Amino acid sequence: MTASTTSSNQATGKATVTTVLPQPIGKDMESTQAQSQSQDQPSQELSEIFFVENNRRKQSIRIQVKLCPEGVYLRRQTEQDDHINEQLIRIDDIIGSRYGSRLKKRARGGLSSCKNPNANVPEPEDEQHQPQAGGTGKDNSAFLYIYAYLKKEKPLRRVQTLRILRFRSSNDFAENLRTAELWHHTIRQHKLQRSGNSGEKQLLILLNPKSGSGKGRELFQKQVAPLLREAEAQYDLQITTHPNYAQEFVRTNKNLLERYSGIVVASGDGLFYEVLNGLMERMDWRRVCRELPLGIIPCGSGNGLAKSVAHHCNEPYEPKPILHATLTCVAGKSTPMDVVRVELSRRDKHYVMYSFLSVGWGLIADIDIESERLRSIGAQRFTLWAIRRLITLRSYKGKLYYKLAKTEGKSTETKSSTEADPPAPSTQNVELRGETSSPITQQQIDESNRLGSQRLSLPINSPEFKDIPDDDDAATAADNETIARKADDDEFSDVMSLNRSIYRQHADSWHSAVSRRTAYYSVGGQSTRSNRSRLSVAQKIEDANAEFAELVPTGTMPGLQLPLPSADGWISEDGDFVMVHAAYTTHLASDCFFAPDSRLNDGLIYLVIIRAGVGRPQLLNFLLSMNSGTHLPETNDDPYIQVVAVEAFRIEPSGKQGILTVDGERVDYGPIQAEVFPGMIKVMTTNGE
């Protein structure tokens with residue numbers, strides 16, 4: 001729909017804009033028409049004629065500006081040679097707008113407003129002059145400032161662009177202001193419709209003031225806050241005060257979903273790791289991961305995720321990574337991203353964490369952690385320590401297991417874990433009530449179908465679970481119908497909560513790899529007395545299982561103490577390794593293009609294996625080529641360096657001395673295993689793909 005306009009002192013024409021030409025920053029245009037569109041319901045399309053004075057050619061340039069859901073079209077035509085050029089500022093490139101009086105501080109690259117040749121509206125004598133509200137000043141113009149960052153190719157970059165529209169078709173300042181406000185709200189409406197965001201909630205921004213060599217707060221105020229103002233983004237800024245502050249904040253905040261539209265981390269990868277693990281400790285983790293996208297602004301030293309997101313979106317990163325990442329965070333779009341569940345065990349300690357970047361053992365982990373003593377010299381510390389490690393090359397003895405990714409199904413067509421069914425429990429038999437339970441048989445499946453159950457409450461090959469026996473289980477079959485009539489009035493309760501010590505002795509934490517607690521509930525009462533009661537109980541069990549699956553993110557791998565049989569597709573390798581490094585994003589750091597084939601949500605872990613015996617020249621070439629992504633062999637016939645796409649892996653170091661890292665942070669040295677959860681979280685992107 002084209003916006004209707006009122007008549008003015010001059011006739012105006014209409015034009016259709018179809019192509020794009022780049023324009024310099026900040027042209028100041030004046031309007032010759034006013035809009036009659038209602039302020040309550042912004043129009044889908046608005047159109048007006050503006051003029052710009054060209055001092056060199058001593059003529060006015062006539063420009064038609066059209067606002068539509070695709071963006072802002074500008075069509076320019078000169079009176080002498082009828083030369084026409086056109087430009088489209090895409091709505092995705094527009095970060096925001098503002099309206100009101102002329103800004104005191106003149107926009108960089110802006111041009112002075114020209115006087116309409118056919119109008120008798122006086123020009124302000126001083127460009128710093130501010131008109132009084134209500135039109136009591138010398139100039140009754142209202143201004144609309146459109147902030148855009150145009151994407152350019154070769155080289156890939158974002159060009160800051162400012163368009164200033166001057167509305168003064170009326171002698172009444174309030175009328176001109178309403179017209180500018182209409183354009184402003186229409187732009188905002190188009191952006192919200194494009195992103196699917198309501199715009200009612202604010203962003204939660206977690207800032208580490210010590211990031212960026214202690215300049216985190218300064219970087220935010222100078223580079224991030226101005227963009228947030230241009231985008232009219234409402235946000236709640238939380239400054240971290242101690243380690244694990246962010247993790248505790250997101251874990252304990254009860255109003256996270258009600259107050260915030262997303263979480264932005266203004267720091268390095270370490271703070272993002274805290275936020276991710278804090279979310280996974282919440283009881284509503286699945287809903288939070290599905291509804292709250294996560295963004296990152298690289299104010300820290302480790303910026304692998306920010307670079308990976310930019311690479312995924314085909315967005316520039318350098319030379320202004322903070323600016324480009326902020327534009328991504330306010331774009332209002334998100335993309336699913338894989339998360340890797342990591343289990344560690346050392347002595348009596350066993351714990352689970354969630355990773356988004358990498359797991360490292362050997363050379364790269366050594367360089368990353370041991371070079372911390374040279375942090376004062378900056379990024380050069382990695383180069384110096386890499387030379388040291390090449391001179392005194394180490395190898396580590398251990399055993400490596402991995403499970404190749406499927407060539408069909410999940411690895412080619414991944415489905416978001418937040419939308420898919422929760423992962424099935426381990427296929428290993430689980431010890432329950434002191435006995436080894438057997439997998440579900442076909443006879444049990446047929447029996448369940450006979451009872452009218454829609455689907456099995458328990459996955460195939462999972463342990464069999466039984467109801468707690470009642471004291472009066474010796475009731476005769478003649479009493480079954482009487483008992484069944486009362487069954488519907490029974491109050492069902494969780495088997496774990498019943499006061500039966502024999503069933504409480506194995507109620508340990510679900511975090512434990514050898515936990516005997518299951519992910520399924522059973523119920524007490526007379527649930528086995530008749531077909532009628534069984535059908536009702538089956539539905540209750542089904543509902544309880546579904547609820548519990550929402551609360552507990554369970555893995556499919558056996559516990560660390562359990563074997564990984566080759567019959568299940570596990571490949572093992574025992575020997576000496578220079579390095580084993582698992583990555584699931586393209587970049588480990590802004591200058592380390594480690595896994596070029598990786599995607600944010602491909603459901604794959606890229607396992608890079610370097611075996612003992614590799615030559616130092618080959619290893620040096622490997623390290624030097626990581627910034628360009630040419631370090632990996634094209635084929636897997638290299639006996640020393642190999643890369644495999646897997647869905648899970650386990651590392652069992654033989655010695656007690658070494659370094660293991662998860663997302664660049666050192667963890668206890670010992671057995672470690674990991675498996676990928678495809679598309680579990682959402683990260684902020686510019687394309688939503």
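**Q** How would you explain the overall build of the protein if you had to name every residue and give the values?
**A** Looking only at helices and strands, the protein features 16 helices and 26 strands. Restricting the contact set of the protein to residue pairs at least 6 apart, pairs at least 24 apart contribute 74%. Surface summary for the protein: the accessible area is close to 33100 Å², and the carbon and sulfur share equals 47%.

**Q** Kindly report on the nonpolar core, identifying the contributing residues and their values.
**A** Within soluble globular proteins, side chains that are nonpolar generally end up buried alongside one another. Within the largest apolar cluster, 68 residues are counted, with the highest numbers of intra-cluster contacts made by I263, L607 and I681. If sequence neighbours within four positions are ignored, L607 has contacts with L400, Y402, V580, H581, A582, Q642, V643, V644, V646 and F649. Listed in part, the 27 residues of the second largest apolar core include I95, F143, V224 and C329.

**Q** Describe the pattern of salt bridges, naming the residues involved and giving the relevant values.
**A** If you walk through the whole model with that rule in mind, you get 25 salt bridges. A salt bridge links K333 to D92, with the nearest nitrogen and oxygen atoms 3.7 Å apart. With K333 in strand β13 (residues 333-346) and D92 in the loop between β5 (84-90) and β6 (94-100), this pair connects stretches of sequence that are 241 residues apart. Judged by relative accessible area, D92 falls into the partly exposed class, the value being 29%. A salt bridge links R188 to E232; the shortest N-O distance between them is 3.9 Å. Remark: E232 occurs in the loop between α3 (216-230) and β10 (235-239) and R188 occurs in helix α1 (residues 173-195); sequence separation between them is 44 residues.

**Q** Could you give me a rundown of the packing of helix α4 (residues 245-252) against helix α6 (residues 269-280), with the residues and numbers involved?
**A** Where α4 contacts α6, the axes come no closer than 7 Å and their chain directions differ by 30 degrees. One element, α4, and the other, α6, form an angle in the roughly parallel class. For the pair α4 and α6, the crossing hand works out as right-handed. Here Y245, A246, Q247, V250 and R251 of α4 lie close against α6, whose contacting residues are L271, E274, V275, N277, G278 and L279. Classifying every residue of the contact of α4 with α6 gives six nonpolar, three polar and two charged.

**Q** Residue-level account of the packing of helix α10 (residues 363-370) against helix α11 (residues 380-391), with values.
**A** Between α10 and α11, the shortest axis-to-axis distance is 9 Å and the interhelical angle comes to 130 degrees. Here α10 lies oblique to α11, going by the angle between them. For the pair α10 and α11, the sense of crossing is right-handed. The residues of α11 that touch α10, namely those facing L363, D366, I367, D368 and E370, are R381, F382, W385, A386 and R389.

**Q** Give me the lowdown on the packing of aromatic side chains, citing residues and values where you can.
**A** In the structure shown here, the tally under the stated rule is nine aromatic pairs. Measuring from centroid to centroid gives 5.9 Å for W361 and F577, while their planes differ by 50 degrees, and the two rings are tilted. With a gap of 216 residues between them, W361 in strand β15 (residues 358-362) and F577 in strand β19 (residues 570-583) connect regions that are remote in the sequence. For W361, a relative accessible area of 1% translates into the label buried. For F577, a relative accessible area of 1% puts it in the buried group. Among the aromatic residues, ring-to-ring pairing joins F50, F167 and W183 into one connected group.

**Q** Lay out the pairing of strand β2 (residues 46-54) with the relevant residues and their values.
**A** Of all nine residues making up β2, eight are buried, and the element is well covered by its neighbours. Relative to strand β3 (residues 59-68), β2 runs antiparallel, the two being bridged by nine bridges. Across the sheet, the residue bridging to F51 is R62, located in β3.

**Q** Could you give an account of a nonpolar patch on the surface, with specific residues and numbers?
**A** Together, I377, L384, I387 and I391 make up a nonpolar patch on the protein surface, roughly 380 Å² of accessible area in all. Its location among the elements puts L384 in helix α11. With a relative accessible area of 46%, L384 lands in the partly exposed category.

**Q** Could you give an account of the pairing of strand β4 (residues 71-77), with specific residues and numbers?
**A** As judged from the seven bridges shared by β3 and β4, these two strands associate in the antiparallel manner. Bridge pairing in β4 links Q64 to R75. Linkage of β3 to β4, two consecutive antiparallel strands, is achieved through a turn of two residues.

**Q** For the environment of L632, give the residues involved together with the corresponding values.
**A** Mapped onto the elements, L632 comes out in the loop between α16 (616-624) and β23 (641-653). Along the backbone, L632 and P596 are 36 residues apart, and their C-alpha atoms lie at a distance of 9.2 Å.

**Q** Hey, could you go over empty space enclosed by the protein for me, with residue numbers and the actual values?
**A** The full count for this structure, using the stated rule, is five cavities of 30 Å³ or more. Of the volumes computed, that of the second largest cavity is approximately 130 Å³. Put simply, the parts of the chain that give the lining of the second largest cavity at least two residues each are β12 (294-298), α8 (304-313), α9 (321-329) and β26 (672-685). When residues of the lining of the second largest cavity are assigned to their parent elements, the largest contribution, five residues, is made by α9.

**Q** Tell me about the side chain of S358, residues and numbers included.
**A** By the element assignment, S358 lies in strand β15. What makes S358 buried here is its relative accessible area of 5%. When near neighbours in sequence (up to four residues on either side) are disregarded, S358 contacts H581, A582, A583, Y584, L588, T661, V662 and D663.

**Q** Let's hear about α10: which residues, and what values?
**A** For α10, the buried fraction is high: seven of the eight residues fall into the buried class. Listed in full, the buried residues belonging to α10 are L363, I364, A365, D366, I367, I369 and E370.

**Q** Outline unusual backbone geometry, listing residues and values.
**A** Phi is mostly negative for residues that are not glycine, and the peptide bonds are mostly trans. For the bond running from K154 to P155, omega is -5 degrees, close enough to zero to count as cis. For P155, the location among the structural elements is in the loop between β7 (142-152) and β8 (157-167). Residue E318 is joined to P319 through a cis peptide bond whose omega torsion reads 5 degrees. Mapped onto the elements of the fold, P319 is located in the loop between α8 and α9. Non-glycine residue N244 carries a positive phi angle of around 70 degrees.

**Q** Tell me about the confidence of the model for the protein, residues and numbers included.
**A** Of the residues in the protein, 66% have a pLDDT of 70 or more, and the chain-wide mean is 75. Within the protein, the lowest mean pLDDT, 32, falls on strand β17 (residues 431-432), and the highest, 97, falls on strand β22 (residues 605-611). Note that residues 1-27 has pLDDT below 50 and, in this model, 83 contacts with residues that lie over four places away or in other chains. Within the model, the stretch residues 32-42 combines pLDDT values under 50 with 47 contacts to residues more than four positions away or in other chains.

**Q** Requested: an account of the side chain of S47, with residues and values cited.
**A** Positionally, S47 belongs in strand β2. Reaching out from S47, the side chain makes a polar contact with the side chain of Q64 at a distance of 2.9 Å.

Rules used throughout
- Residues numbered from 1 in each chain as written.
- Predicted model: local features only at pLDDT ≥ 70, side-chain atom pairs only at ≥ 80, totals over all residues.
- Heavy atoms only, no water.
- Helix = DSSP H or I, 4+ residues; strand = E, 2+ residues; numbered from the N terminus.
- Contact = heavy atoms within 4.5 Å.
- Areas by Shrake-Rupley, 256 points an atom, 1.4 Å probe, with all protein chains shown as cover.
- Core = buried A, V, L, I, M, F, W, Y, C linked by side-chain atoms within 4.5 Å.
- Buried < 20%, exposed > 50% of the residue type's maximum accessible area, 1.4 Å probe, protein only.
- Salt bridge = Lys/Arg side-chain N within 4 Å of Asp/Glu carboxyl O.
- Axes fitted to C-alpha atoms, helices over the stretch in contact; angles between N-to-C directions.
- Parallel < 35°, antiparallel > 145°, perpendicular 65-115°, else oblique.
- Left-handed = near helix turned anticlockwise from the far one by under 90°.
- Nonpolar A, V, L, I, M, F, W, Y, C, P; charged D, E, K, R; others polar.
- Phe/Tyr/Trp six-rings, centres within 6.5 Å; stacked < 30°, edge-to-face > 60°.
- Pairing = 2+ DSSP bridges.
- Patch = residues over 30% accessible without salt bridge, like charges linked within 9 Å, V, L, I, M, F, W, Y side chains within 5 Å.
- 1 Å grid on protein atoms, 1.4 Å probe; cavity = no way out; pocket = protein on both sides within 12 Å on 5 of 7 lines; lining within 4 Å.
- Points joined across faces, edges and corners; volume = space filled by probe spheres on them.
- pLDDT = per-residue confidence, 0-100.
- Polar contact = N/O pair within 3.5 Å; in protein donor to acceptor, adjacent residues only side chain to side chain.

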